[in-house]
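Observations on the model geometry
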Amino acid sequence: MSEMSGGWQVGPAPGRGLRPGKGGLLELPLHVLRPGRVSLALLVLTVMEAEQLHAALCYALGDKPAPEDAPECRQPVRYPGGRQKY
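This section reports on the structure supplied with the text. The shown structure was predicted, so the numbers you read here are calculated from the model rather than taken from an experiment.

**Details of the overall build of the protein**
Looking only at helices and strands, the protein features 1 helix and 7 strands. Here the protein, with 86 residues, has 13% of them falling under the buried criterion. Here the contacts in the protein between residues at least 6 apart in sequence split such that 23% fall between residues at least 24 apart. Carbon and sulfur atoms make up 59% of the accessible area of the protein, which totals about 7000 Å².

This is the structure:
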């Protein structure tokens, strides 16, 4: 979870992963914490936006080696509890 100014925090929603949405969109549930309040928000991306985000993250990671337990790119991801999600 990333902390932002004013005590706000934003990160992936626990127990929820990226999922296909309506009209070919992708939905990533986010957990938004601010002082005294917790909210769930969806980051909705087109396929192009998801590809741009993917490329930007790969670029930002640079030549850092991936952790041994990191999922392979474009393969299903298994989350704690055994559920398979995108």
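**A word on the pattern of salt bridges**
Taken as a whole and assessed by the stated rule, the structure comprises 1 salt bridge. Here Arg-19 makes a salt bridge to Glu-27, at a shortest N to O gap of 3.1 Å. Arg-19 gets classed as partly exposed once you look at its relative accessible area, which sits at 32%. What makes Glu-27 buried here is its relative accessible area of 18%.

Conventions used here
- Residues numbered from 1 in each chain as written.
- Predicted model: local features only at pLDDT ≥ 70, side-chain atom pairs only at ≥ 80, totals over all residues.
- Heavy atoms only, no water.
- Helix = DSSP H or I, 4+ residues; strand = E, 2+ residues; numbered from the N terminus.
- Buried < 20%, exposed > 50% of the residue type's maximum accessible area, 1.4 Å probe, protein only.
- Contact = heavy atoms within 4.5 Å.
- Areas by Shrake-Rupley, 256 points an atom, 1.4 Å probe, with all protein chains shown as cover.
- Salt bridge = Lys/Arg side-chain N within 4 Å of Asp/Glu carboxyl O.

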